[in-house]
Amino acid sequence: MFSDYEVVIGLEVHAELKTKTKVFCSCKNEFGSEPNSNCCPVCVGMPGALPVLSKEAVFLTIKAGLTIGSQISPLAVFERKNYFYPDLAKAYQISQLEKPICVGGGIKLKSGKNIRINRIHLEEDAGKLIHKSEVIGTFIDYNRGGVPLIEMVTEPDISSAEEAVEFLTKYRRNLIFASVADCKMQEGGMRCDVNLSVRKKGDKKLGTRTEMKNLNSFKSVQRAITYEAKRQIEELEKGNAIRQETRKWDDNKNRSFTMRSKEEAEDYRYFPDPDLLPVRISEKTITKAKAELPELSEQKRERYVREFSLPKYDAEILTNELDTALLFEEASRLTNMPKQVSNFIMTYVLAKKKERDNLSVFDVISADNLAYIIKAISTNELTRPNALMLFDMVCFTDKDAKSEAVKSGFISKLSEAELESVVDFLIEQNAQAVKDYKLNQVKVENFFMGQLMKQTKGKADVNKGRTLINEKLQKYKN
Ligand SMILES: [Zn+2]
């Protein structure tokens, strides 16, 4: 029965902007401070306090729009969205309805399908309610109240959980690469509402939709969509109607349930905020935002292939996250060995990163240490096994790789004379191998290389050792 239906999904995605201050006052925009320490009369809604719009927040919203090809409105208006909830002290949220800052745009999926974007508007975040099981009652932390939030709204162009996740991944990446937002999902820096309806294939009319609020991981988005689509189809098959409502997704129970009947824009009695003038956005500002917009993930991907001749596969992995791209670029600049850097990051650094949650590759290793290790391998200052051991030792620490290598005796310190005496000793000790040299030169040379490394505990210079062994064995060739 499921194959008779199609799923229609629209997303509303909230992201907290990376500004220094809140959007209508000069309080710090900072996560994790002492509760209610970043507050003032404006952001807790004291009578008589007046909002002053942050230019930085408007500018970052423009940049966010540019990453997805939005038109920037020459005139933007802030409106009051009226509702009461304890996390919103004023009983209205300053938001935008009729004239948002960014209009239109789109994101192309791998399949070539374009997901159209309706708008991005700027608004203020609400405070946070904290429930503790050991205490009766609710705590309120207003630090988040007034933090600038952009809400991006798509057209209902998404038709599956997979498409939704791909779209969100790309949008999130754009905001991070453009330095507009950090989008730390675990800190609530990015939250997503899913509007979903189903209809019989071929139907022109959209079905009744439900909205699932505040999904804070891509996994929740995926599971919530799968669950809700199935639920709606089953209801329709039973002959029941879908109620337009807001539903709450419970990640632990893996199901959604009714929260309240869905409200419409008019229920909020939006009206232009009399405390804030309409905002004029000049061509000059837009040009400046365009000029400042850094390279995004896809641009970096293309450049890595073009400039460093990396395989597309490497380029894609390196540009999935901004920090990985930056580590690659910096270590490549220091070593001039982009392919080796790419290999090392993909094989070792990313594997290490996976061991611990929510860390950046820069927490795994600094560009300087990575560059040192890669150069040391290529010049044979370190053997590969020692280099990897060194990598393990300096991971997740502030230690300097070079000093650690010296301290641990990893660096080959054998003088040429010492190296020669070891090779002479080995030739003397292994008469049978010397005899076999005329039968299989490569095999015997490899045997002596192995013995040399064993005897010197890996401290011999590989190239010098090999040359020396080859020279010494010449006389046994015939
Ligand atoms: Zn404030």
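Remember, it's a predicted structure, so these values are computed and weren't measured experimentally.

**A word on the side chain of Lys63**
Next up, step 1: On the secondary structure map, Lys63 appears in helix α1 (residues 55–67).
Next up, step 2: With near-sequence residues (within four places) excluded, Lys63 lies in contact with Ala178, Val180, Ala289, Glu292 and Leu293.

**Observations concerning the coordination of the zinc ion**
Next up, step 1: Looking at the zinc ion, one finds its protein donor set to be Cys25 (SG), Cys27 (SG), Cys40 (SG) and Cys43 (SG), positioned 2.3 Å from the metal centre.
Next up, step 2: Here the zinc ion is ringed by four donor atoms whose angles at the metal span 100 to 116°, and the overall shape comes out tetrahedral.
Next up, step 3: Read N to C, the donor residues that coordinate the zinc ion are spaced as C-x1-C-x12-C-x2-C. In this pair, Cys27 is assigned in the loop between β1 (5–16) and α1 and Cys43 in the loop between β1 and α1, connecting sequence segments 16 residues apart. As far as burial versus exposure is concerned, Cys27 and Cys43 are alike and both buried.

**Some details on the sheet that holds strand β5 (residues 92–95)**
Strand pairing in a sheet relies on backbone hydrogen bonds, with the paired strands running either antiparallel or parallel.
Next up, step 1: Read across the sheet, three strands follow the order β5-β4-β16 without closing on themselves; strand pairing throughout is antiparallel. At either end of the open sheet lies a strand with only one pairing partner, and these are β5 and β16 (271–272).
Next up, step 2: Where strand β4 (residues 79–82) and β16 come together, two bridges link them in antiparallel fashion. Within β16, the residue paired with Arg80 across the bridge is Phe271.

**Focus on the packing of aromatic side chains**
Next up, step 1: In the structure shown here, the tally under the stated rule is 11 aromatic pairs.
Next up, step 2: Here Tyr304 and Phe308 contribute two aromatic rings whose centre-to-centre distance is 5.8 Å and whose plane-to-plane angle is 50°, an arrangement assigned as tilted. Here Tyr304 and its partner Phe308 are both found in helix α5 (residues 297–308), four residues apart, which amounts to about one turn of the helix.
Next up, step 3: Note on Phe308: relative accessible area 22%, which makes it partly exposed.
Next up, step 4: An aromatic cluster is present here, built from Tyr83, Tyr268 and Tyr270 joined pairwise through their rings.
Next up, step 5: Positioned above the aromatic ring of Tyr268 is the side chain of Lys81, whose terminal nitrogen or guanidinium carbon lies 4.5 Å from the ring centre.

**Considering the packing of helix α8 (residues 338–355) against helix α11 (residues 384–394)**
Next up, step 1: Packing of α8 against α11 leaves a shortest axis separation of 11 Å and a crossing angle of 35°. The two elements α8 and α11 meet at a crossing, and its hand is right-handed. Listed contacts from α11 to Phe344, Tyr348, Val349 and Lys352 of α8 are Arg384, Leu388, Phe391 and Asp392.

**Describing helix α16 (residues 462–473)**
Next up, step 1: With 12 residues, α16 ought to run about 16 Å at 1.5 Å a step, and its terminal C-alpha atoms sit 16 Å apart, in line with that.
Next up, step 2: Every buried residue belonging to α16 is among Gly465, Leu468, Ile469 and Leu473, and all of these are buried. Around the axis of α16, the buried residues are gathered within 120° of arc, so they sit on the same side.
Next up, step 3: Buried residues along α16 sit against α13 (416–429) and α15 (441–455).

**Describing the pairing of strand β12 (residues 190–200)**
Next up, step 1: Burial runs high along β12: 10 of the 11 residues are buried.
Next up, step 2: The pairing of β1 with β12 spans 11 bridges and is classified as antiparallel. In the strand pairing of β12, Glu6 is matched with Arg199.
Next up, step 3: Both β12 and strand β13 (residues 210–215) contribute to a ladder of four bridges, which runs antiparallel. Residue Val194 lies in a different strand from β13, and its bridge partner there is Met212.

**A few points about the environment of Ser415**
Next up, step 1: Mapped onto the elements, Ser415 comes out in the loop between α12 (401–407) and α13.
Next up, step 2: The class of Ser415 is partly exposed, set by a relative accessible area of 33%.
Next up, step 3: Once the C-alpha coordinates of Ser415 and Ala460 are considered, the two residues, 45 residues apart in sequence, prove to be 9.0 Å apart.

**Considering the pairing of β5**
Next up, step 1: Side chains of β5 alternate between two faces, with Tyr92 and Ile94 and Gln93 and Ser95 buried alike.
Next up, step 2: Summarising the sheet, β4 and β5 pair through four bridges and their orientation is antiparallel. The residue bridging Lys81 from the neighbouring strand is Gln93, located in β5.

**Description of α5**
Since one α-helical turn is 3.6 residues long, residues separated by three or four positions face the same way.
Next up, step 1: Counted at 1.5 Å a residue, the expected span for α5 with its 12 residues is 16 Å, and the 16 Å between its end C-alpha atoms agrees.
Next up, step 2: On its buried face, α5 sits against α2 (161–177), α6 (312–318) and α7 (322–335).

**Focus: the domain arrangement of the protein chain**
Next up, step 1: Along its sequence, the protein chain is organised into domain 1 (2–286), domain 2 (295–407) and domain 3 (416–476).
Next up, step 2: Facing nine residues of domain 1, the contacting portion of domain 2 comprises 13 residues.
Next up, step 3: With both chains or domains summed, domain 1 and domain 2 bury close to 780 Å², and 59% of this area falls on carbon and sulfur atoms.
Next up, step 4: Three residues stand out in domain 1 for area buried against domain 2, namely Arg173, Phe177 and Gln186, and they jointly supply 69% of the buried area on that side.
Next up, step 5: Between domain 1 and domain 2 we count one salt bridge in total.
Next up, step 6: For Lys110, the salt bridge identified is with Glu316, shortest N-O distance 3.6 Å.

Analysis parameters
Residues numbered from 1 in each chain as written. Predicted model: local features only at pLDDT ≥ 70, side-chain atom pairs only at ≥ 80, totals over all residues. Heavy atoms only, no water. Helix = DSSP H or I, 4+ residues; strand = E, 2+ residues; numbered from the N terminus. Contact = heavy atoms within 4.5 Å. Donors = N, O, S within 2.8 Å, 3.2 Å for Na, K, Ca; no water. Tetrahedral: all angles 85-135°; square planar, octahedral: opposite > 155°, others 65-115°. Buried < 20%, exposed > 50% of the residue type's maximum accessible area, 1.4 Å probe, protein only. Pairing = 2+ DSSP bridges. Phe/Tyr/Trp six-rings, centres within 6.5 Å; stacked < 30°, edge-to-face > 60°. Lys NZ or Arg CZ within 6 Å of the ring centre and 35° of its normal. Axes fitted to C-alpha atoms, helices over the stretch in contact; angles between N-to-C directions. Left-handed = near helix turned anticlockwise from the far one by under 90°. Expected span 1.5 Å × (residues − 1). Arc of directions from axis to C-beta. Domains from an automatic or database assignment. Buried area = accessible area lost by both parts, 1.4 Å probe. Salt bridge = Lys/Arg side-chain N within 4 Å of Asp/Glu carboxyl O.

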